[in-house]
Amino acid sequence: MIRSLFSKFQIILDMNTKLLEKMAVMERALGGEYIFDKAFLESSVSEANQLVYQVIYSLNTLTENRYSDLFDRFQIIKTYLEDILSGGLGPYSGRLTLPYPSIRLEMWPLTGFFSASLAEFGQHLGLQAPDGFVITTTGIRSFLQNNNLDHKIKEIADSLSADKLQNENALLTDIVNNSDIPKELEQAILDEVIKLSDRIGKNTLLAVRIDKVEQEASNQFIDIFDVAPSDILNAFKQCIARYIVKEAESLLQQISEKEISIAVAVYEMIQSKISGTVLTLDPAHSPLQAAGVAVNINNSFHESNEVKEKEEFFSVQRFYPFEPVESKILQKEATKRLPDDKHSLSIMDSGHRRGSSLLRKDNIISIVETAMAVERALGKPQKVFWSQKMSGQIVITQVKPLSSLLYDDISENDSIDDLNKQLEKATVLLAGGETAQMGVATGRLVHVAQDYSYKVFPLGAIAVADKASPNLSPILRRAAGLITETGSSVGHLASIAREVHVPSIVGASGALELLKEGMIVTLDAGECKVYHGIIEPLVRYGSSGMELYPTDPEYITLRQLLRWIIPLNLTDPDSPDFNSTNCQTFHDIIHFSHEMAVEELLNIQTRHKELRGIETRRLKLNIPIDIRVLDIGNGVVNLAAKELNTDDISSLPFKAFLKGLASNEMFDQQPGSIGLREILSGMDKTYTALNTPPEYAGQNLAIIAQNYINLTLRLGYHFNVINAYLSENPNKNFIYYRFVGGFAYMDRRIRRAKFITSILENMDFKVTVTTDLVIGKLKIIDRKYMELALKSLGELTAFSRQLDVKMESEKDVEDFIRLFTKRSKNIFLANRIKEQDQACSK
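In this text the structure is predicted, and so the values were computed from the model without any measurement. (Residues numbered from 1 in each chain as written. Predicted model: local features only at pLDDT ≥ 70, side-chain atom pairs only at ≥ 80, totals over all residues. Heavy atoms only, no water.)

Participant: Give me the overall build of the chain: which residues, what numbers.
Facilitator: On a plain count of helices and strands, the chain comes out with 26 helices and 27 strands. At a minimum sequence separation of 6, the contacts of the chain that also span at least 24 residues come to 65%. (Helix = DSSP H or I, 4+ residues; strand = E, 2+ residues; numbered from the N terminus. Contact = heavy atoms within 4.5 Å.)

Structure, rendered in structure tokens:
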């Protein structure tokens, strides 16, 4: 039976890994690495469905159908995916309104590109953009149908033909006065206004904009500005009325009648003192490959010659350090106040005079950095509209793809030769690792720790970290590139990198040592190389764009599908919300299933009483611990005798653990110093044990297979479980460690828990502590580090065996950490704690 349970667990591991790999393939297609078509999408979803179903089935077999409701969650998500594949808009299609925080870029067929792009950049990429909500195409359709407006265009066009000007005003008034907003839609709009006011301030004025959804770069906006929140319903009807009349005019001009497909954006008005645009690739300066920044003091976006004559213009490098290379600055009087309230002769902090440019250099660079982040996310050159708030903050107010522009053509032989020559001479600082997201980036290197605040990360810099931790996800919203020493291309951080198209390498050993803080480098993520300095031909080559852009239909479908497959919402197994009913994606389901399967194996001896009578073999050790071994699949060499030696063990994780456990330096066989207090405490335990079998009573049992160990240790009064899987595939590997109990009073046991916690955290375990209960988890790690960690756990088990009675004060915690580190063979751990001590002493 135990073999059958373990085989179900292995199936869960295998299916889990296959789905993660499938997700990575789909994401790499999203990142532009593969060309794909609808057949690819259909086969990928079909395969994902099968894998998730097998995970759920195996989990329920393992747990006697304890999680059968997962089948219901699976069916709901599967239905969403099938709807999207068939051309539907998924589960949001019935929503009349949607707030910006819940909108993603791929939802623009429902929300319009204007709102979808502002929501993507402002709510999800960490850039500054107005907040708001959208009345969806579904909401608009309900309004039009309720008032029969969608069938009145021809009738209105006939009325306009008689006397256009007079009839236009009358028609506008008639539509506004005689149309009713359906009650459900009206309530939805008012609810959104209240929520938006809570987010941006109750007195903030709003703007209302009609957005045609059939095209991403519509120029046919209809706007109403400075709308009080209380007047939103009237402004909405005014906007629709203007659109209807405009459509009628188009029909009058013999433009063919089309189905109305619009959304209405309601967003906060930006009170600006200056505004302008950025062409992320300015065709007027080709082949310079520069961005063009236009600055307009009158806040006008009309592209007339009169407006252009009043604009200042800056041509700026498209990559770090974003230096201005050309400018057109209008003549001004020396005493004229500029937007930052200085005048041109003002002395600045640098000691230099302000100059007469409307924008300071740091503002220009910030605008171009922001615009390039937009281009990176959308995969092609953009026209980015921006405003500078009264506070000085730069805000994106609109983006518009420049689809007619091409990047510099570097396919010519001369250009390729030039690139190759420069690469031959270039200094390679680092080579290795695994591509998480392809692309080329230049910038300054910034070392980031796991607790680094993304708010202080320099926009456009390249982050270097030791681990590919999900904690670094916010930094990707600001970074031009990412390099980590560990991690996998199917990990969470790699997934985020692909989503935001940030060139990234994971698993690049030695990156922190080789890539010094502050260096200027060129990162070629596709080749897994980092060059010293800026290699301009390589940057241009890396900017050659993607075959498929984020606004193409296939791309939108893939993003819509992945929204129900990849996001991981259930991240904390200790949270009360970590349950099957909260699984919103396939990733949630397999993560939840994996955790529950491991939990089942952790408790296998208590939940499966039949194991108590099962035949096991004794393991002979050079230390006084009696461990019984149950081999469930190639965990012991074939010819092993009934009593086992350590050489008979072929289980990879058990062998690694035993190396540490049997260490003479760690296994102190001298009795601990026990005070009267502990003796009295122990007497109480002994009495309790005699009358009620303690919770942790029983033998030390190791259930092992070639790649697996479930080890239960009951050493004195503490209870220790190590559950681990070790293989060549990092995505399958994990270690779960649980420790509780002791002989001493609770205060000393808690100190031992602190000691264990410190050791585990320094080995990158995620640790939770409840009084003297310590739970540590380590997942998705390579075999080499996994073996090192298991050996250290063996050392930790031996070292901490009687440590609770020795923990007389808080100082003992630090003293025993140093002693353990001194005796441990884990160099990585020793160095980590040494660094901590040095940091504390500064």
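Participant: Tell me about the sheet that holds strand β1 (residues 97-99), and please be specific about residues and values.
Facilitator: The antiparallel open sheet is built from five strands, whose spatial order is β1-β2-β5-β3-β4. With partners counted over all chains shown, the strands left at the sheet margins are β1 and β4 (222-227), one partner each. Along the sheet, successive strands turn relative to each other by an average axial angle of 20°, direction set aside. Pairing analysis gives seven bridges linking strand β3 (residues 206-212) to strand β5 (residues 262-268), with the strands arranged antiparallel. Bridge pairing in β5 places R209 opposite A265. Strands in contact with helix α6 (residues 137-146) are β2 (132-135) and β5; relative to β5, the strand with the most contacts, it is inclined by about 115°. Strand contacts of helix α9 (residues 183-200): β1, β2, β3 and β5, with the helix running at about 165° to β2, the strand carrying the most contacts. (Pairing = 2+ DSSP bridges. Axes fitted to C-alpha atoms, helices over the stretch in contact; angles between N-to-C directions.)

Participant: Account for the packing of aromatic side chains, with residues named and values stated.
Facilitator: Counting across every chain of the model gives 20 aromatic pairs. With a centroid separation of 6.2 Å and an interplanar angle of 35°, the aromatic rings of F6 and F9 are classed as tilted. With F6 and F9 both in helix α1 (residues 2-30) and three residues apart, this pair spans about one turn of that helix. By relative accessible area, which is 5% here, F6 ends up buried. Taking the relative accessible area as the measure of exposure, F9 reaches 0% and is therefore buried. Ring centres 5.5 Å apart and planes at 40° place the aromatic pair F578 and F592 in the tilted group. With F578 in the loop between α18 (553-562) and α19 (586-602) and F592 in helix α19, this pair connects stretches of sequence that are 14 residues apart. Note on accessibility: F578 and F592 belong to one class, buried. Taken together, the aromatic side chains of F6, F9, Y708, F734 and Y736 make up a single cluster linked through ring pairs. Across the ring face of F114, the terminal group of R209 is positioned such that the distance to the ring centre comes to 4.4 Å. (Phe/Tyr/Trp six-rings, centres within 6.5 Å; stacked < 30°, edge-to-face > 60°. Buried < 20%, exposed > 50% of the residue type's maximum accessible area, 1.4 Å probe, protein only. Lys NZ or Arg CZ within 6 Å of the ring centre and 35° of its normal.)

Participant: Explain empty space enclosed by the protein residue by residue, including any values.
Facilitator: Within this structure, the stated rule accounts for six cavities of 30 Å³ or more. As a volume, the largest cavity reaches approximately 80 Å³. Residue contributions to the lining of the largest cavity peak at four residues, all from α1. Here the lining of the largest cavity is built from residues that sort into seven nonpolar, four polar and two charged. (1 Å grid on protein atoms, 1.4 Å probe; cavity = no way out; pocket = protein on both sides within 12 Å on 5 of 7 lines; lining within 4 Å. Points joined across faces, edges and corners; volume = space filled by probe spheres on them. Nonpolar A, V, L, I, M, F, W, Y, C, P; charged D, E, K, R; others polar.)

Participant: So what's going on with the nonpolar core? Which residues, and what values?
Facilitator: Core analysis: the largest hydrophobic core is formed by 67 residues, its most contacted members being V293 and W386. Among the elements that line this core, the one with the most residues is helix α12 (residues 361-378), at ten residues. By size, the runner-up hydrophobic cluster in this structure holds 63 residues, among which are F36, V45, F719 and Y736. (Core = buried A, V, L, I, M, F, W, Y, C linked by side-chain atoms within 4.5 Å.)

Participant: With reference to specific residues and values, describe the packing of helix α23 (residues 746-762) against helix α24 (residues 783-799).
Facilitator: Contact geometry of α23 with α24 gives a least axis separation of 11 Å together with a crossing angle of 170°. The orientation of α23 relative to α24 falls into the category roughly antiparallel. When the axes of α23 and α24 are compared, the crossing they make is right-handed. For the pair α23 and α24, contact is made by F755, I756, I759 and L760 and by L793, L796 and F799, respectively. Partitioned by chemical class, the residues of the contact of α23 with α24 number seven nonpolar, no polar and no charged. (Parallel < 35°, antiparallel > 145°, perpendicular 65-115°, else oblique. Left-handed = near helix turned anticlockwise from the far one by under 90°.)

Participant: Could you give me a rundown of the pattern of salt bridges, with the residues and numbers involved?
Facilitator: Pairing of side chains with opposite charge becomes possible as their charged atoms draw close. Enumeration according to the criterion identifies 31 salt bridges in this entry. Of the charged contacts, one joins R559 and E120 as a salt bridge, the two residues approaching to 3.5 Å between their closest N and O atoms. Taken as a pair, R559 in helix α18 and E120 in helix α5 (residues 113-124) lie far apart in primary sequence, 439 residues in all. With respect to burial, R559 and E120 carry one shared label: buried. It is possible to trace a salt-bridge network through shared partners that takes in R104, E106, E120, R559 and R563. (Salt bridge = Lys/Arg side-chain N within 4 Å of Asp/Glu carboxyl O.)

Participant: Would you mind going over the pairing of strand β14 (residues 440-447) in detail, with residue names and values included?
Facilitator: Along β14, six of the eight residues are buried, which leaves the element largely enclosed by surrounding structure. Pairing between β14 and strand β18 (residues 520-524): five bridges, direction antiparallel. Bridged to V440 within β18 is D524. Judged from the three bridges that link them, β14 and strand β15 (residues 462-465) form a sheet pairing that is parallel. Bridging from a neighbouring strand, V446 pairs with A463 of β15.

Participant: So what about the pairing of strand β7 (residues 290-296)? Which residues, and what values?
Facilitator: Remark: a regular strand shows side chains that alternate across the two faces of the sheet. Counted residue by residue, β7 has seven buried out of seven residues, so it is predominantly covered. Taken together, the five bridges between strand β6 (residues 272-279) and β7 define a ladder with antiparallel strand orientation. For T277, the partnering residue across the bridge sits in β7 and is A294.

Participant: Which residues make up the environment of S197, and what values do they have?
Facilitator: Within the element layout of this structure, S197 appears in helix α9. Considered as a pair, S197 and E268 are 71 residues apart in the sequence and their alpha carbons are 9.2 Å apart. In this structure, S197 is in contact with K202 and P229, ignoring residues within four places of it in sequence.

Participant: Help me get a handle on α5, residues and values and all.
Facilitator: Taking 1.5 Å of rise per residue, twelve residues should cover 16 Å, and α5 covers 15 Å from first to last C-alpha, within 8% of that figure. Most of α5 sits inside the fold, with ten of its twelve residues counted as buried. G126 sits one or two residues past α5 and shows a positive phi near 75°. (Expected span 1.5 Å × (residues − 1).)

Participant: Account for the confidence of the model for the chain, naming residues and giving values.
Facilitator: Mean pLDDT over the chain: 82, with 85% of residues reaching 70 or higher. Contacts from residues 682-698, a stretch scored under 50 in pLDDT, to residues over four places away or in other chains number 15 contacts. (pLDDT = per-residue confidence, 0-100.)

Participant: A description of the sheet that holds strand β25 (residues 734-741) should follow, citing residues and the corresponding values.
Facilitator: Note on sheets: strands pair through backbone hydrogen bonds, and any given pair is parallel or antiparallel. Spatial ordering of the open sheet is given by β20-β21-β22-β23-β24-β25-β27-β26, a layout of eight strands whose pairing is mixed. Each edge of the open sheet carries a strand with a single partner, namely β20 (617-619) and β26 (766-770). Strand-to-strand twist of the sheet, defined as the mean angle between neighbouring strand axes without regard to direction, takes the value 15°. Packed on one face of the sheet, helix α21 (residues 652-661) meets β20, β21 (627-633), β22 (700-705), β23 (708-715) and β24 (718-725) and runs near 35° to β23. Packing against the sheet, α23 makes contact with β24, β25, β26 and β27 (773-779), and its axis sits at approximately 165° to β25.

Participant: Describe the packing of helix α3 (residues 70-85) against α19, and please don't skip the residues or the numbers.
Facilitator: For any two helices packed against each other, one specifies the crossing angle of their axes together with the interaxial distance. Direction vectors running N to C along α3 and α19 enclose 160°, while the axes themselves pass 10 Å from each other. Between α3 and α19, the angle falls in the class roughly antiparallel. Between α3 and α19 lies a crossing whose hand is left-handed. Residues L70, R73, F74, I77 and L81 of α3 form the contact with α19, whose own contacting residues are F586, I589, F592 and S593. Class assignment of the residues belonging to the contact of α3 with α19 gives a composition of seven nonpolar, one polar and one charged.

Participant: If you had to explain the environment of Y57 to someone new, which residues and values would you point to?
Facilitator: Looking at the secondary structure, you find Y57 in helix α2 (residues 38-62). In this structure, the C-alpha to C-alpha distance between Y57 and Y67, residues ten residues apart in sequence, is 9.3 Å.

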